[in-house]
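The lines below spell out each chain.
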Amino acid sequence: MTTTTPWRKIWRKAVQMGRLIVGVPDYDTYVEHMRRVHPERPVMSYEAFFAERLEARYRGGGGRCC
Amino acid sequence: MGNVVGKFGWAVFAIFGAFCLGTVALHRGETINATWLVAAAIATFVIGYRFYSRFIAERVLRLDATRATPAHLRNDGLDYVPTDKWVLYGHHFAAIAGAGPLVGPVLAAQMGYLPSTLWILFGVVFAGAVQDFMILGLSIRRDGKSLGDMVRMEMGSASGVVAMIGVLMIMMIILAVLALVVVKALTHSPWGTFTVAMTIPIALLMGIYLRWLRPGKVLEVSVIGFVLLLLSVWIGGKVAADPSWAPLFDYDGRALAWMLIAYGFCASVLPVWLLLAPRDYLSTFLKIGTILLLAAAIFLAAPMLQMPAITRFIDGSGPVFAGNLFPFLFITIACGAVSGWHSLISSGTTPKMLANEREARMIGYGGMLMEAFVAIMALIAASILQPGVYFAMNSPAAAIGGTVQEAAATISQWGFVVTPDVLTQTAREIGENTILHRAGGAPTLAVGMAQLLHGILGGEGMMAFWYHYAILFEALFILTTVDAGTRVGRFMIQELAGLAYPPLKKTESWGANVIATVACVAAWGYFLYQGVVDPFGGINTLWPLFGIANQMLAAIALTLCCVIVVKLKRERYLWVPAVPALWLIVCTLTAGWQKLFHDDPKISFLASARKFAAGLAEGKVLAPAKSLEEMQRIIANNYVDATLCGLFMLLVVATALFGVRTILAARRSAQPTAHEEPYVAMATMAR
């Protein structure tokens, strides 16, 4: 079964929400963005991405440009 | 045809809402079911959302679905990410929902449930949700800039500094008062103290697990943490019952305050992944879960409200906090009706992730409605308690005496008949030695929740488990706020101090970090300690200060909204932010004035200082002080609080004046003068 059922969609959103609530945005979206916009730059692994977001959450404001 | 049916449907719904509200408001002398309150709230929120938020979106903010948001313009996959609106709603709600909406309504219940209900419902529709929504809407047109940056940009750098100082001050007061809530809940409660203490090793374990064993597995580690938490609630009961273990976790307020201060320092200088982040995960999920649990419990149990609709304490003589309904009700319930704090979230992470301008309505306005619903639930949880029990828990010793006999006699005299047995019995049921003088909201809410859940699920001795679960839930997320707040406060102090002495600004310098952290911990620690040793109980001194500070920030945020509306040449709609802004300015200034210059020493800091100074001059010890030293401390604290209160008032007045000046300047210009980013069509953005 590879078709996405409504329940799968809801579950995926719930997981995304759960992660974003603690400050971790969607990793797949990040990878997709890097491939599309910055193909020349290295893409962080999920572990590195997670650690980077964790530091960013408590850095105390100040967004950065990409 | 569909349109007519729709209009008819909304009219019927509005009548239903009015009927529910009427039932809540007009039933006197007999108890009503909490379901009426819930129904009235939901109806008000739905109507406010459908009509008023739409009006603001279309006319005032003119949100445009074709306009690219910062998430698209600056997409970096990290901070700026276009995000599904439901996912973002969860994020935003989790960020704005704190302890505030749980504490304020519980304290305000002393005046009966009706005044609080009306203020929460109308406050949120016309003030709180408007603020959150408008700030979000303005921030997405300005690259997701923060409140401070927007104030600086639109009203000049002087008002920017004023806003920054205001934010820092409210932060210190909020940390102190929240830490005080925890101290009040844990004083001489081995069960509670053990459970809360266990969250530290659990968090360390989770931190190590997330860092080295299974990096980034948030769900997994949160489930493990949650199971361990429940286990520690259960073990806590055993510890409290054991005569050799219990004394190890039995502390008075002073000791607990010092522990919290030390803990706050450690947690904010340790690496975040070790302690702060895992506790944050645990407390955030626990918070959301418990709010859902509370909602389910209220729906299933449909309890009766025991508290009268209006009590005699609207005259300002109440034991929980002193002062008349106006302005003090509107200061006591800040979060839940309108909370200035939210303007920081609405101009923080949320605007950077909004995928479409139109969705700001659901996230900003809708998110705040949900918070108001939490406040209504907290009010219900406090109002289903027997009023005698409520007053025994929330009144300071100075008002009701130190024993159950004295307390029951005093409270019965007020007209809320209660026997000493009931007070002892309630304490026994929840597994505590006493329920007296546990002001601060958390314990009251916990007893209410425990009674609700126990009523549904039953089980021998389960009431005590639910009580300590509820205490743990509040303590955990309050302590997370304290850690994270200390860190943020440290950055703010470094930024402000950096204006005077640049090397302090270096956030990577160990020395500058420690200095700023010590300054931050000392600031809130001072007020916490002062609250703990305060013979009046602390909460009734600090909570109004917090309320004034929070509403002051809301007044600043709404003033900014007024300024921008005028700068955009949309003066016709100035009343949308101006009415709540004026209301908050009037409330904070009146409350501040009374806190300074009222004749009643119970209300006014200065009158109280004078009263005790006069006593001191005659060498008399006035109750509740027990020694001349305590008298001196009361006098000194009163002067500190009065100074702070005066500063808050100055900030409000300064911001209002800056606002008026900018508005007058903007009116002289024929062109719109707001600093919006230029329009970029969504269609031109790469998909």
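Please read these numbers as outputs of a predicted model, since none were measured by experiment. Position labels on residues start from 1 in each chain and follow its written sequence. Here every chain gets a letter starting at A, and every ligand a number starting at 1, in the order they are written. Only residues with pLDDT of at least 70 are given local features in this predicted model, and only at 80 or more are side-chain atom pairs given and counted; all residues enter the totals for whole chains, interfaces and linings.

Draft legend 1. Highlighting the overall build of chain A. Here a helix means four or more residues in a row that DSSP labels H or I, a strand means two or more in a row labelled E, and each is numbered from the N terminus. In terms of regular secondary structure, chain A is built from 3 helices and 0 strands. Reading chain A from its N end, one meets helices and strands in the order α-α-α. Burial statistics for chain A: of 66 residues in total, 26% are counted as buried. Exposure in this text rests on C-beta crowding, where 20 or more other C-beta atoms within 10 Å of a residue's own make it buried, 12 or fewer make it exposed, and counts in between make it partly exposed. The C-beta atoms are placed from the backbone.

Draft legend 2. Representation of the overall build of chain B within the structure. Within chain B, the secondary structure is distributed over 26 helices and 0 strands. Whereas a compact globule of 687 residues would reach a radius of gyration of roughly 26 Å, chain B reaches 25 Å, a difference of no more than 12%. A principal-axis box enclosing the C-alpha atoms of chain B has dimensions of 70 × 65 × 60 Å. Looking at chain B residue by residue over its 687 residues, the buried ones come to 58%. By the criterion used throughout, residues are in contact when their C-beta atoms, derived from the backbone, lie within 7 Å. Considering only residue pairs separated by 6 or more positions, chain B has 80% of its internal contacts joining residues 24 or more positions apart. The size measure is the radius of gyration over C-alpha atoms, and the globule rule it meets is 2.2 Å times the number of residues to the 0.38 power.

Draft legend 3. Representation of the interface of chain A and chain B. Listed as interface residues are 27 residues of chain A and, on the opposing side, 32 residues of chain B. Of all the secondary structure elements, the ones that give two or more residues to the side of chain A that touches chain B are α1 (6–21), α2 (27–37) and α3 (46–57) of chain A. Broken down by element, the side of chain A that touches chain B gets its largest block of residues, 7 residues, from α1(A). Considering only residue class, the side of chain A that touches chain B consists of 14 nonpolar, 7 polar and 6 charged. Note that Gly is not counted as nonpolar here; it falls among the polar residues with everything else outside the nonpolar set of Ala, Val, Leu, Ile, Met, Phe, Trp, Tyr, Cys and Pro and the charged set of Asp, Glu, Lys and Arg.

Draft legend 4. Geometry of helix α25 (residues 605–617) of chain B. Residues and elements named next belong to chain B. The end-to-end C-alpha separation of α25 is 18 Å, in line with the 18 Å expected for 13 residues at 1.5 Å each. By the burial criterion, the buried members of α25 are Phe605, Ala607, Ser608, Ala609 and Phe612. If you follow the buried residues of α25, they end up packed against α24 (575–597) and α26 (628–668). The span one expects for a helix is its residue count, reduced by one, times 1.5 Å.

Draft legend 5. Region of the structure containing the confidence of the model for chain A. Residues and elements named next belong to chain A. Residue-level confidence of the predictor, termed pLDDT, takes values from 0 up to 100. Per-residue confidence for chain A averages 82 on the pLDDT scale, and 85% of its residues sit at or above 70. Element-level mean pLDDT values for chain A span from 88 in α3 up to 92 in α2. Between residues 61–66, whose pLDDT stays under 50, and residues either more than four places distant or in other chains, the model counts 9 contacts.

Draft legend 6. Structural view of the nonpolar core. Residue and element names in this part refer to chain B. Residues of type Ala, Val, Leu, Ile, Met, Phe, Trp, Tyr and Cys that are buried and joined through C-beta atoms within 7 Å form what is called a nonpolar core. Ala176, Ala179, Ala392, Met449 and Leu528 are the most contacted members of the largest nonpolar core, which has 255 residues in total. Counting residues per element, this core draws most heavily on helix α23 (residues 539–567), at 21 residues. Leu528 has contacts with Ala176, Ala179, Leu180, Ala257, Leu260 and Ile261, leaving out every residue within four places of it along the chain.

Draft legend 7. View of the UniProt feature "domain: CstA N-terminal" (unreviewed entry) in chain B. The UniProt record annotates "domain: CstA N-terminal" (unreviewed entry) at residues 33–591 of chain B. The straight-line gap between the two end C-alpha atoms of residues 33–591 of chain B is 33 Å; of that span, 72% is helix and 0% is strand. UniProt positions are given in the numbering used here, feature names are shortened, and annotations may be inferred rather than shown by experiment.

Draft legend 8. How the structure looks around the packing of helix α9 (residues 190–213) of chain B against helix α21 (residues 462–500) of chain B. Residue and element names in this part refer to chain B. Viewed as axis vectors pointing N to C, α9 and α21 meet at an angle of 45°, and their least axial separation amounts to 10 Å. Regarding the angle of α9 to α21, the classification is oblique. Viewed along their axes, α9 and α21 form a crossing whose handedness is right-handed. Residues Trp191, Gly192, Thr195, Val196 and Thr199 of α9 form the contact with α21, whose participating residues are His468, Ile471, Leu472, Ala475 and Leu476. Partitioning the contact of α9 with α21 into residue classes produces 6 nonpolar, 4 polar and no charged. Between N-to-C directions, angles cover 0 to 180 degrees, with each direction set by a line fitted to C-alpha atoms, over the stretch in contact for helices. For classification, angles of less than 35 degrees are called roughly parallel, those exceeding 145 degrees roughly antiparallel, those between 65 and 115 degrees roughly perpendicular, and all remaining angles oblique. Handedness of a helix crossing follows the sense of rotation of the near helix relative to the far helix, less than a right angle counterclockwise being left-handed and clockwise being right-handed.

Draft legend 9. Structural detail: the environment of Ala39(B). Secondary-structure assignment places Ala39(B) in helix α2 (residues 34–60). For the pair Ala39(B) and Thr332(B), spaced 293 residues apart in sequence, the C-alpha separation works out to 24 Å.

Draft legend 10. View of unusual backbone geometry. All names here are of chain B. Pro327 follows Phe326 through a cis peptide bond whose omega is 0°. Locating Pro327 in the fold gives a position in helix α13 (residues 325–332). Phi is positive for Lys569, close to 65°, though the residue is something other than glycine. What makes Lys569 partly exposed here is the crowd of 15 C-beta atoms within 10 Å.

Draft legend 11. Structural detail: the packing of helix α16 (residues 387–394) of chain B against helix α19 (residues 420–429) of chain B. All names here are of chain B. Contact pair α16 / α19: the axes reach a minimum separation of 10 Å and the direction vectors enclose 70°. As summarised for this structure, α16 and α19 are arranged roughly perpendicular, according to the angle between their axes. Two secondary-structure elements touch here, α16 through Gly388, Val389 and Ala392 and α19 through Val422, Leu423 and Thr426. A class-by-class count of the residues in the contact of α16 with α19 yields 4 nonpolar, 2 polar and no charged.

Draft legend 12. View of the environment of Glu154(B). All names here are of chain B. For Glu154, the location among the structural elements is in helix α7 (residues 147–155). Assessed through the 23 C-beta atoms surrounding it within 10 Å, Glu154 is described here as buried. In this structure the C-alpha to C-alpha distance between Glu154 and Ile42, which are 112 residues apart in sequence, comes to 36 Å. Once residues within four sequence positions are removed from consideration, Glu154 is found in contact with Leu560, Val563, Ile564, Lys567, Thr662, Ala674 and His675.

Draft legend 13. Spotlight on the confidence of the model for chain B. On average, residues of chain B score 91 in pLDDT, and 99% of them are at 70 or above. Scored as a whole, the predicted complex attains pTM 0.93, and scored at its interfaces, ipTM 0.88.

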